[in-house]
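Structural characterization, general
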Amino acid sequence: MQNKELVRKDEHIVRLFLYEKKEENFMKKEIRVLVVEPMRKPYVKTIPDTLEAINQVIEGDCMQVVPLYGMNIKNAVIVCNDDGKLRGLPLNRLLCDKNGNPYDVIAGTFFLTGVDGEDFCSLTDDQVQELFTLYEYPELIFSTENGFFKISIDPIQSETDE
């Protein structure tokens, strides 16, 4: 994995990574992530740590956002669709600063994963529990001239929940 761009915005770091797959060094590794779909509860999923698998989950190009919400959850990042808002994907969850003020919104499905340096790794049980609690309730998100606001709602039942 090689750093492509590093941007600093309101104490939040957005990293775009360019994955390089070298056949001689490529080992398939699986990672345990927490997937968050619009209007649904999060769920744990194990996926291959490949660009193809990541893009399949988020339905597009990969973007990595380091969440710095003032939480005690360390070594975890959000991986979301790079152009979800431009493609008109459903608004999913708000991104908030350390004071809880919304500064942006994620559109489309995203997942949370652990990080070890610049590599993705599986979330720990404690991270899964904390992140599930944080993202448990879907959000109806509205954009106004004063910024974003949300209403938390009950999730839509998925076929696997029944």
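The structure under discussion appears in the preceding block.
Per-chain numbering applies: the sequence of each chain, read as written, is numbered from 1 onward. Only residues with pLDDT of 70 or above have their local features reported here, since the model is predicted, and side-chain atom pairs are shown and tallied only from 80 upward, although totals for entire chains, interfaces and linings are computed over all residues. Hydrogens and water are ignored here; the side-chain numbers use all heavy atoms of the structure.

What follows is about helix H1 (residues 51–58). Residue exposure (1.4 Å probe, protein chains only): buried if accessible area is under 20% of the type maximum, exposed if over 50%, otherwise partly exposed. Here a strand is any run of E in DSSP of at least two residues, a helix any run of H or I of at least four, and the numbering for each starts at the N terminus. Every buried residue of H1 is accounted for by Ala 53, Ile 54, Asn 55, Val 57 and Ile 58. At its buried positions, H1 is contacted by strand E3 (30–36), strand E4 (43–48), strand E5 (62–65), strand E6 (76–81), strand E9 (110–116) and strand E10 (119–121). In the segment just after H1, Glu 59 is the residue with positive phi, at about 55°. The contact rule is simple, with two residues in contact once any of their heavy atoms fall within 4.5 Å.

What follows concerns the nonpolar core. One broad rule of soluble globular proteins: the nonpolar side chains tend to lie buried together. Formed by 17 residues in total, the largest nonpolar core has its most connected members in Ile 78, Phe 110, Leu 112 and Leu 131. Discounting chain neighbours no more than four positions away, the residues touching Phe 110 are Leu 34, Val 35, Val 36, Ile 58, Ile 78, Val 79, Cys 80, Asn 92, Arg 93 and Tyr 135. Ile 31, Ile 47, Ile 58 and Val 79 belong to the second-largest nonpolar core, a separate cluster that totals 13 residues. As used in this record, nonpolar core signifies buried Ala, Val, Leu, Ile, Met, Phe, Trp, Tyr and Cys residues forming a set joined through side-chain atoms within 4.5 Å.

Let us look at the pairing of strand E8 (residues 102–107). A large share of E8 lies buried, amounting to five of its six residues. Here a strand pair is declared whenever DSSP counts at least two bridges between the two strands. Alignment of strand E7 (residues 91–96) against E8, held across five bridges, turns out to be antiparallel. Along E8, the bridge assignment pairs Leu 94 with Val 105. Once E7 ends, the chain turns through five residues before running back antiparallel as E8, passing Gly 100 with a positive phi of about 85°.

What counts as a salt bridge is simple: a side-chain nitrogen of Lys or Arg found within 4 Å of a carboxyl oxygen of Asp or Glu. This model, assessed by the stated rule, comprises six salt bridges. Among the ionic pairs, Arg 40 bridges to Glu 37, the shortest N-O distance being 3.5 Å. Linking Glu 139 and Lys 150 is a salt bridge whose minimum nitrogen-to-oxygen distance equals 3.1 Å. Separated by 11 residues along the polypeptide, Glu 139 in strand E11 (residues 139–144) and Lys 150 in strand E12 (residues 147–152) bring together distant segments of the chain.

Taken residue by residue, helix H2 (residues 125–135) has Gln 127, Val 128, Leu 131 and Tyr 135 as its buried positions. Within H2, the buried residues cover an arc of 100° as seen down the axis, which keeps them to one side. Residues Asp 125, Asp 126, Gln 129 and Thr 133 are exposed on H2 and point more than 90 degrees away from its buried face. In this context, the arc is that of the directions from the helix axis out to the C-beta atoms.

With respect to the helices, strands and loops of the structure, Leu 34 is situated in strand E3. Separated by 12 residues in the primary sequence, Leu 34 and Thr 46 have C-alpha atoms spaced 8.7 Å apart. Leave out the neighbours within four places in its chain, and Leu 34 touches Pro 42, Tyr 43, Val 44, Phe 110, Phe 111, Leu 112, Leu 123, Val 128, Leu 131 and Phe 132.

Moving on, we get to the packing of aromatic side chains. Each Phe, Tyr or Trp ring, with Trp reduced to its six-membered ring, pairs with another whose centre is within 6.5 Å; inter-plane angles below 30 degrees give stacked pairs, above 60 give edge-to-face pairs, and intermediate values give tilted ones. Following the criterion strictly, the structure yields one aromatic pair and no others. Consider the rings of Phe 110 and Tyr 135, whose centres lie 5.5 Å apart with planes at 75°: the pair is edge-to-face. Remark: Tyr 135 occurs in helix H2 and Phe 110 occurs in strand E9; sequence separation between them is 25 residues. The residues Phe 110 and Tyr 135 share a single accessibility class, namely buried.

Attention now goes to the pairing of E5. The alternating pattern of E5 places Cys 62 and Gln 64 and Met 63 and Val 65 on opposite faces, both of which are buried. Inspection of the sheet shows E5 paired to E6 by four bridges, in the antiparallel sense. Looking across to E6, one finds that Met 63 is bridged to Cys 80.

A word on unusual backbone geometry. A positive phi angle, close to 65°, is found at Met 39, a residue other than glycine. Here Met 39 is to be found in the loop between E3 and E4. Relative accessible area serves as the criterion here: at 21%, Met 39 is assigned to the partly exposed category. A positive phi angle is found at Glu 59, which is not glycine, with a value near 55°. Counting through the fold element by element, Glu 59 comes out in the loop between H1 and E5. Residue Glu 59 is classed as partly exposed on the basis of its relative accessible area of 48%.

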